[in-house]
Amino acid sequence: MSAKDFSQTIYGKSRRGRHGYHISSRPTEAPRDIPREYLREGRIGLPEVAELQVLRHYVDLSTKNHHVEKDLFPLGSCTMKYNPKVNEEVAAMPGFAGLHPEQSDDDAQGALAVMHALEQALVAVSGMDAVSAQPAAGAQGEMLGLLLARAYFADRKESRHKVLVPDTAHGTNPATASIVGFETKTFASGKDGRVDLDTLRAALDDDVAVLMLTVPNTLGLFEPHIGEIVDLVHQRGGLCYMDGANMNALMGQARPGDFGFDMMHFNLHKTFSTPHGGGGPGSGPVAVRAHLEPFLPTPRVVEKDGKYRLDYQRPKSVGALHSFFGNFGIYLRAYTYITRLGADGIRRASSTAILNANYLAKRVAPAYPVPYGERCMHEFVATGEPLKKHGVKTLDVAKRLLDFGFYAPTIYFPLVVPEALMVEPTETEGRETLDRFADAMLQIAREAAETPDVLLSAPTKTPVRRVDEASANRTPVITVPMD
Ligand SMILES: *Cc1c(COP(=O)(O)O)cnc(C)c1O
């Protein structure tokens with residue numbers, strides 16, 4: 001029997017959808033004509049356990065790992081804020097969850113309306129002209145941004161090869177530049193941790209295609225000369241890309257479009273409270289000014305007279321980046337978050353994130369100085385340098401924090417701060433949590449002076465003690481012993 005006949009026997013006849021994939025109807029009758037050797041004779045042999053046992057198993061597993069529902073997750077640059085449960089309820093609504101991506105536009109008007117409304121909300125937050133929600137992560141958004149730049153310059157018959165990034169840039173920026181075929185040129189930040197205009201001027205030439213800049217930067221600092229920075233690049237014919245991973249500091253406060261950026265990405269799984277990594281797929285929508293709009297990926301959701309459709313007829317488009325339309329379930333969660341908060345709520349969330357970071361920075365600074373900036377935005381970078389005289393490194397502080405029931409901050413990044421500890425509490429934490437965290441940090445600094453061995457052998461209270469990170473990365477053991 002051919003594979004096609006086999007599949008029709010089981011699933012019934014199929015039809016082809018918009019993209020040529022088969023859509024099958026549900027099985028209507030018991031499978032027939034399956035060769036004997038493929039039929040199971042005995043029982044399937046799965047363990048038979050009660051619901052309660054299953055539940056206990058998963059609750060137990062969930063306590064072995066750290067997550068924001070257990071306690072603070074101050075991982076700088078990653079914005080690990082609480083993901084409200086109502087987001088999940090909306091995403092699970094049958095009208096959304098039961099949709100098939102091959103359904104016709106007429107059948108999916110509600111879903112298309114949400115995609116359109118989310119893109120329009122992000123247009124408003126960014127101050128740009130158009131958004132494509134398609135990229136599946138911030139890094140893929142960066143890739144789209146540079147593909148747009150490549151298409152834009154090719155369209156103008158210009159050839160430019162360089163991408164400029166400051167030395168505080170996230171690793172994905174140069175990685176993206178390289179994947180899209182650009183050459184990365186890194187320039188040093190100024191003494192204040194921000195872009196130095198003279199250094200930038202010296203780095204600029206007619207071969208620079210794009211300046212990629214994170215605002216506020218990874219030190220949690222805003223660029224007071226942002227308008228001049230963007231003007232300098234534009235004067236040499238280059239484009240400016242804003243890495244929007246730190247939009248938690250800007251949303252509702254200031255718009256990258258007003259700074260003059262040509263394009264940017266959002267990380268819905270950071271700023272807009274959708275799950276990260278293991279919690280689900282990400283989403284990295286890209287916002288652009290009008291001159292880059294023709295190059296955005298297909299399809300685009302378009303609206304005319306209250307009716308939505310997907311537009312595939314875009315001759316200058318860089319093509320599709322993701323199957324179908326991107327991670328639709330994530331759009332629902334982000335859109336729920338945005339509409340629940342509204343414009344005022346979004347601004348308040350951002351203000352609170354900034355306040356929380358500044359409060360925490362001031363509380364830990366006596367033991368862990370913050371070398372750059374009097375005040376920070378949504379995150380700050382402290383240094384564990386003073387503990388080195390006791391033989392204690394930032395890595396030890398991070399490990400000891402696990403014993404206090406906290407996740408560790410981002411460490412050893414950005415590289416311009418020695419023994420860096422990058423802390424981002426987010427707006428979803430209250431004063432009590434911030435104080436507990438600050439107290440733990442200060443106690444760890446005292447332990448460094450009095451009982452440094454405690455830090456060197458930490459963590460002692462976690463299911464897995466300190467691992468040899470180099471071998472863990474090179475030869476990971478990814479099975480879990482069952483007991
Ligand atoms: C998280 C982050 C990225 C990459 O985003 P992903 O969604 O993880 O791909 C890029 N730049 C900065 C500054 C980030 O913090």
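Residues numbered from 1 in each chain as written. Predicted model: local features only at pLDDT ≥ 70, side-chain atom pairs only at ≥ 80, totals over all residues. Heavy atoms only, no water.

Engineer: Even after reading the chapter, I still don't get the site of the ligand, so can you show me in this structure?
Structural biologist: The environment of the ligand is formed by 13 residues, the closest being Ser77, Gly138, Asp243, His269 and Lys270. Ser77 places a side-chain nitrogen or oxygen 2.6 Å from an oxygen atom of the ligand. A distance of 2.8 Å separates an oxygen atom of the ligand from a polar atom in the backbone of Ala139. For the ligand, whose unbound accessible area comes to 380 Å², protein coverage reaches 88%. Counting residues per element, the ones that place at least two in the shell around the ligand are helix H6 (138-155) and helix H11 (268-271). Ranked by residues supplied to the shell around the ligand, first place goes to H6 with three residues. (Near = heavy atom within 4 Å. Polar contact = N/O pair within 3.5 Å; in protein donor to acceptor, adjacent residues only side chain to side chain. Areas by Shrake-Rupley, 256 points an atom, 1.4 Å probe, with all protein chains shown as cover. Helix = DSSP H or I, 4+ residues; strand = E, 2+ residues; numbered from the N terminus.)

Engineer: What's the story with the packing of aromatic side chains in this structure? I'm lost.
Structural biologist: Remark: the centre distance and the inter-plane angle together describe each pair of aromatic rings, the angle taken between the planes. According to the stated counting rule, one finds 10 aromatic pairs in the structure shown. When the ring of Phe259 is compared with that of Phe261, the centres are 6.5 Å apart and the planes differ by 65 degrees; the resulting orientation is edge-to-face. Phe261 shares its class with Phe259; the two are buried. Aromatic pair Phe328 and Tyr331: ring centres 6.2 Å apart, planes at 85 degrees, arrangement edge-to-face. On the criterion of helical spacing, the pair formed by Phe328 and Tyr331 is a turn pair, its members being three residues apart in helix H12 (residues 328-364). Under the relative-accessibility criterion, Phe328 is labelled buried at 16%. When its relative accessible area of 1% is taken as the criterion, Tyr331 is described as buried. Three or more aromatic residues joined by ring pairs make a cluster, and in this case those are Phe96, Phe328 and Tyr331. (Phe/Tyr/Trp six-rings, centres within 6.5 Å; stacked < 30°, edge-to-face > 60°. Buried < 20%, exposed > 50% of the residue type's maximum accessible area, 1.4 Å probe, protein only.)

Engineer: Honestly, the sheet that holds strand E8 (residues 263-265) in this entry has me stumped. Any pointers?
Structural biologist: Remark on secondary structure: sheet strands pair via backbone hydrogen bonds, oriented parallel or antiparallel. With respect to topology, seven strands assemble into an open sheet ordered E3-E9-E8-E7-E6-E4-E5, the strand pairing being mixed. Only two strands of the sheet have a single partner each, and these edge strands are strand E3 (130-132) and strand E5 (183-187). Direction aside, neighbouring strands of the sheet carry axes that sit 25 degrees apart on average. Two strands pair when backbone bridges link them, and strand E7 (residues 239-243) and E8 are joined in this way by three bridges, in the parallel orientation. Bridge pairing in E8 places Tyr241 opposite Met263. (Pairing = 2+ DSSP bridges. Axes fitted to C-alpha atoms, helices over the stretch in contact; angles between N-to-C directions.)

Engineer: Please clarify how a nonpolar patch on the surface should be interpreted in this entry.
Structural biologist: The grouping of Val49, Val54, Tyr58 and Leu61 at the surface amounts to a nonpolar patch, some 350 Å² of accessible area in total. Residue position: Tyr58 is located in helix H2 (residues 51-64). (Patch = residues over 30% accessible without salt bridge, like charges linked within 9 Å, V, L, I, M, F, W, Y side chains within 5 Å. Salt bridge = Lys/Arg side-chain N within 4 Å of Asp/Glu carboxyl O.)

Engineer: Just to check I follow, could you spell out the environment of Ala448 for this structure?
Structural biologist: Position of Ala448 relative to the elements: it lies in helix H14 (residues 431-450). Judged by relative accessible area, which is 0%, Ala448 ranks as buried. Spatially, the C-alpha atom of Ala448 lies 33 Å from that of Ala245, the residues being 203 residues apart in sequence. Ignoring any residue separated from it by four or fewer positions in sequence, one finds Ala448 in contact with Leu387, His390, Val392 and Leu455. (Contact = heavy atoms within 4.5 Å.)

Engineer: When you look at unusual backbone geometry in this model, what are you seeing that I'm missing?
Structural biologist: Residues other than glycine predominantly adopt negative phi, and peptide bonds predominantly adopt the trans conformation. Put simply, Val215 and Pro216 share a cis peptide bond, and its omega is -15 degrees. Here Pro216 is to be found in the loop between strand E6 (208-214) and helix H9 (226-235). In the segment running from Thr298 into Pro299, the intervening peptide bond is cis, with an omega of -5 degrees. Here Pro299 shows up in the loop between strand E9 (286-288) and strand E10 (300-304).

Engineer: Explain the packing of helix H5 (residues 109-126) against H12 here, please?
Structural biologist: When two helices pack together, their arrangement is given by the angle between the helix axes and the distance between those axes. Put simply, H5 and H12 touch, their axes get as near as 10 Å, and they point 55 degrees apart. With respect to each other, H5 and H12 are oriented oblique. Two packed elements cross with a definite hand, and for H5 against H12 that hand is left-handed. Counting all contacts with H5, which are made through Ala111, Val114, Met115, Ala117, Leu118, Ala121 and Leu122, the residues of H12 involved are Phe328, Tyr331, Leu332, Ala334, Tyr335 and Ile338. Per-class residue counts for the contact of H5 with H12 are 13 nonpolar, no polar and no charged. (Parallel < 35°, antiparallel > 145°, perpendicular 65-115°, else oblique. Left-handed = near helix turned anticlockwise from the far one by under 90°. Nonpolar A, V, L, I, M, F, W, Y, C, P; charged D, E, K, R; others polar.)

Engineer: How do you make sense of the nonpolar core when you look at a structure like this?
Structural biologist: In a soluble, globular protein the nonpolar side chains are often hidden away together inside. With 59 residues, the main nonpolar core has Leu200, Phe261, Phe266, Leu268 and Phe272 as its most contacted residues. For this core, the secondary-structure elements that each account for two or more residues are helix H3 (85-91), H5, helix H8 (197-203), E6, H9, E7, strand E11 (307-311) and H12. No other element matches H12, which puts 10 residues into this core. If we skip the residues at most four places from it in the chain, Phe261 touches Met128, Leu213, Val215, Ile226, Val230, Cys240, Tyr241, Met242, Pro256 and Arg289. (Core = buried A, V, L, I, M, F, W, Y, C linked by side-chain atoms within 4.5 Å.)

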